[in-house]
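Structure at a glance
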Amino acid sequence: MSRRPDGLLTHNLLDEDKGPQDACGVFGVWAPGEEVAKLTFYGLYALQHRGQESAGIATSDGERILIYKDMGLVSQVFTESDLVSLTGNLAIGHCRYSTTGSSSWVNAQPTLRPTKYGTLALAHNGNLTNTGDLAESVHKLEPDAPKNSRGATTDTEIMTALIALQDENNVEASALAVLPILEGAFSLVFMDEKTLYAARDRHGVRPLVIGKLENGWVVASESAALDIVGASFVREVEPGEFIAIDENGLRAHKWSTPEPKGCLFEYVYLARPDTSIAGRGIHATRVEIGKRLAKEHPVEADLVIPVPESGTPSAIGYATGSGITYGLGLVKNSYVGRTFIQPSQTIRQLGIRLKLNPLRDVIEGKRIVVVDDSIVRGNTQRAIVRMLREAGAAEIHVRISSPPVKWPCFYGIDFASRAELIASGLAVEEIRRSIGADSLGYVSLEGLIEATQIAEENLCSACFTGKYPIAIPADMSEGKMRLEITEVQGKK
Ligand code: SF4
């Protein structure tokens, strides 16, 4: 719960049913003569699913950087006049879901920091795993500055300070000095007054792509954001690559040997279905996952329905693979935002009904297969099964287009702790009983990986397997890795 500036208490109603929370979208454009702030606004609009807590845009006209950021959705933060006043030739933007640091204005991005050669603005998607060591390095570079003097608590602020404080002559040299000491997942866009930069960690955990406009360049978290601003896809920023874009065009440096470990969960849930990763459309991948799910967990039923919208492509795949009719059985209210006026107890008990409502005429008397992307705590699926039973379903068979999520993510997605992940403490049959379904089937890890058409060794699957490709320091994992609470809760 939080208090708004106007004094109203707000409550995140969906917290009780929270699925995986996305970690941020980044966008950058270098296009003299274009309305770069508006292009960035629309780019962020396309990336809104990656972060809904805050949004920000920084622009530069070659002489000075202007920045505007605030809490809320992209459409709530910026008015037409804000965008008109953000003039310039280049811009970066960010929409945030907090994975480190609190959800507050001071932690909204882009971050801004003066350097001895100009100003640096930076936006980050991912999560660093050596923030403590980096904070110490910042402290050594500016020993007189009180720690956290600006109230910032994020890995992004620390990385911005580190680049800005390097004893180099420009941002490019400073960034190339700092990138090798950053550990963890980072897809970055940043800028000074004249140049747009981008960089990706050597594992390429989070996506980052380059697009071409008629008169410029775009860098974005997902290819869908290129489509929306009319940019054509050029290529991905490679893992371990640094990009600079200015009046001389695009320059690329390999700052590290790539060791790809792309996030497997991007394919299941995070990325938009109209995005492509590694040349393959996410929608097609999810349909294929659904076909494999039908093969691995067949059942006799009358109708396959998705949990909209992230379950839709896999439900289509399940229906195709099984030959069972596909239909809509749950209607989603697309206008449910993250934050609500604190509801009364009665309203809160309506819970998921604010978000989903069953089509009784379609459901009644039928044996239903309901396809969802993942189970985190199990609250959502329990509520959906109850809702479908109340709507008269004869049988309810839950099918999940990812393997059981058993481990937390330390690379930029908020999955909660092991203690809160239902699959950490319970076997599949116990989860089935807990959510009240007649049967439950998850796609296998092998089936999921085959559907992506990416080699297993080039993917991160740590939230399913516990095999973390980037080491997690003890102080970071402590607490999130404890299981005790789940074991107690699971036996209730
Ligand atoms: S742990 Fe899971 S969500 Fe996190 S990067 Fe790896 S696959 Fe993605």
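Up top is the structure.
Residues numbered from 1 in each chain as written. Predicted model: local features only at pLDDT ≥ 70, side-chain atom pairs only at ≥ 80, totals over all residues. Heavy atoms only, no water.

Let's talk about the state of the cysteines
Taken as a whole and assessed by the stated rule, the structure comprises zero disulfides. Here cysteine 95 is not disulfide-linked; the sulfur of cysteine 24 is the nearest cysteine sulfur, at 7.2 Å. (Disulfide = S-S within 2.5 Å.)

Here we look at the packing of aromatic side chains
Each pair of aromatic rings is reported with the distance of its centres and the angle of its planes. Counted by the stated rule, this structure contains 12 aromatic pairs. The interplanar angle of 25° and the centroid separation of 5.2 Å between the aromatic rings of phenylalanine 190 and tyrosine 197 together place this pair among those described as stacked. Among the aromatic residues, those joined into a ring-pair cluster are Phe41, Tyr42, Tyr45, Tyr68 and Phe78. One cation-aromatic arrangement involves lysine 212 over tryptophan 217; the distance from NZ or CZ to the ring centre is 4.7 Å. Residue placement shows lysine 480 over the ring face of phenylalanine 410; its charged tip is 5.6 Å from the ring centre. (Phe/Tyr/Trp six-rings, centres within 6.5 Å; stacked < 30°, edge-to-face > 60°. Lys NZ or Arg CZ within 6 Å of the ring centre and 35° of its normal.)

Details of the site of the ligand
In the vicinity of the ligand, the residues found are Val205, Arg206, Cys263, Leu264, Phe265, Cys409, Tyr411, Ile413, Phe415, Cys460, Ala462 and Cys463. Class assignment for the residues of the shell around the ligand results in 11 nonpolar, no polar and one charged. (Near = heavy atom within 4 Å. Nonpolar A, V, L, I, M, F, W, Y, C, P; charged D, E, K, R; others polar.)

Considerations on the sheet that holds strand 23 (residues 367–372)
Ordered in space as 19-23-24-25, the four strands form an open sheet in which the pairing is parallel. Among the strands making up the open sheet, the edge pair consists of strand 19 (303–306) and strand 25 (439–442). In this sheet, adjacent strand axes meet at a mean angle of 20° when their direction is disregarded. For strand 19 and strand 23, the ladder comprises four bridges, and the chain directions are parallel. Its bridge partner lying in strand 23, leucine 303 is registered against isoleucine 368. Sitting on the sheet, helix 13 (residues 379–390) touches strand 19, strand 23 and strand 24 (395–400), and the angle it makes with strand 24 is about 150°. Contacting strand 24 and strand 25, helix 15 (residues 428–435) crosses the sheet at an angle of about 130° to strand 25. (Pairing = 2+ DSSP bridges. Helix = DSSP H or I, 4+ residues; strand = E, 2+ residues; numbered from the N terminus. Axes fitted to C-alpha atoms, helices over the stretch in contact; angles between N-to-C directions. Contact = heavy atoms within 4.5 Å.)

What to know about unusual backbone geometry
Of the consecutive residues glutamine 109 and proline 110, the connecting peptide bond is found in the cis state with omega at 5°. When you line up the elements, proline 110 lands in the loop between strand 6 (90–96) and strand 7 (111–115). Here the amide bond leading from proline 308 into glutamate 309 is cis, since omega sits at -5°, within 30 degrees of zero. Position of glutamate 309 among the secondary structure elements: in the loop between strand 19 and helix 10 (312–322). Positioned with a positive phi, alanine 278 is a non-glycine residue whose angle comes to about 50°. Given a relative accessible area of 48%, alanine 278 falls into the partly exposed group. You will see that glutamine 453, though not glycine, has its phi angle at about 60°, which is positive. (Buried < 20%, exposed > 50% of the residue type's maximum accessible area, 1.4 Å probe, protein only.)

Quick look at a negative patch on the surface
Among the surface-exposed residues, Glu296, Glu446, Glu456 and Glu457 lie close enough to one another that they form a single negatively charged patch. Assignment of secondary structure puts glutamate 446 in helix 16 (residues 445–452). (Patch = residues over 30% accessible without salt bridge, like charges linked within 9 Å, V, L, I, M, F, W, Y side chains within 5 Å. Areas by Shrake-Rupley, 256 points an atom, 1.4 Å probe, with all protein chains shown as cover. Salt bridge = Lys/Arg side-chain N within 4 Å of Asp/Glu carboxyl O. Lys, Arg positive; Asp, Glu negative; His and termini not counted. Charge placed at Lys NZ, Arg CZ, Asp CG, Glu CD.)

Some words on the packing of helix 9 (residues 282–296) against helix 16
Running from N to C, helix 9 and helix 16 cross one another at 150°; their axes reach a closest spacing of 9 Å. The hand of the helix 9/helix 16 crossing is right-handed. Counting all contacts with helix 9, which are made through Thr285, Glu288, Ile289, Arg292 and Glu296, the residues of helix 16 involved are Gly447, Leu448, Glu450, Ala451 and Thr452. Grouping the constituent residues of the contact of helix 9 with helix 16 by class yields three nonpolar, three polar and four charged. (Left-handed = near helix turned anticlockwise from the far one by under 90°.)

Examining the sheet that holds strand 10 (residues 196–200)
Taken in spatial order, the six strands make up an open sheet running 7-8-9-10-14-15, and their pairing is antiparallel. On the outer flanks of this sheet lie strand 7 and strand 15 (249–254), each paired with one strand and no other. Averaged over all neighbouring strand pairs, the angle between strand axes comes to 20°, with direction disregarded. Here strand 10 pairs with strand 14 (residues 241–246) via four bridges, running antiparallel. The partner of leucine 196 across the bridge, within strand 14, is isoleucine 245.

Quick notes on the pattern of salt bridges
Applying the stated rule across the entire model yields 22 salt bridges. Aspartate 167 is the salt-bridge partner of lysine 116, the closest N and O atoms lying 2.7 Å from each other. Of this pair, lysine 116 sits in the loop between strand 7 and strand 8 (118–128) while aspartate 167 is found in the loop between helix 5 (155–164) and helix 6 (171–178), placing the two residues 51 residues apart along the sequence. Of the residues examined, lysine 116 reaches a relative accessible area of 55% and is grouped as exposed. Across the salt bridge formed by arginine 367 and aspartate 302, the nearest N and O atoms sit 2.9 Å from each other. Here the residue arginine 367 occupies a position in strand 23, and aspartate 302 occupies one in the loop between helix 9 and strand 19, the gap between them amounting to 65 residues.

Some thoughts on the nonpolar core
Grouped together as the largest cluster of nonpolar side chains are 45 residues, with contacts concentrated most on Leu264, Phe265, Val304, Tyr318, Tyr411, Phe415 and Phe464. Secondary structure elements with two or more residues in this core: helix 8 (264–270), helix 9, helix 10, strand 23, helix 16, strand 26 (459–460) and helix 17 (462–465). The biggest single contributor to this core is helix 8, with five residues. Taken together, domain 1 (10–260) and domain 2 (281–490) each give at least three residues to this core, which thus spans both. Leu330, Ile375, Met387 and Ile400 belong to the second largest nonpolar core, which has 28 residues in total. (Core = buried A, V, L, I, M, F, W, Y, C linked by side-chain atoms within 4.5 Å. Domains from an automatic or database assignment.)

What about the pairing of strand 10?
The side chains of a regular strand alternate, residue by residue, between the two faces of the sheet. Burial of strand 10 is extensive: five of the five residues sit out of reach of the surface. Here strand 10 shows no split at all, with Leu196, Ala198 and Arg200 on one side and Tyr197 and Ala199 on the other all buried. Inspection of the sheet shows strand 9 (residues 184–191) paired to strand 10 by five bridges, in the antiparallel sense. Residue pairing for strand 10: methionine 191 is matched across the bridge by leucine 196. Where strand 9 folds back onto strand 10 in an antiparallel hairpin, the turn is made up of four residues.

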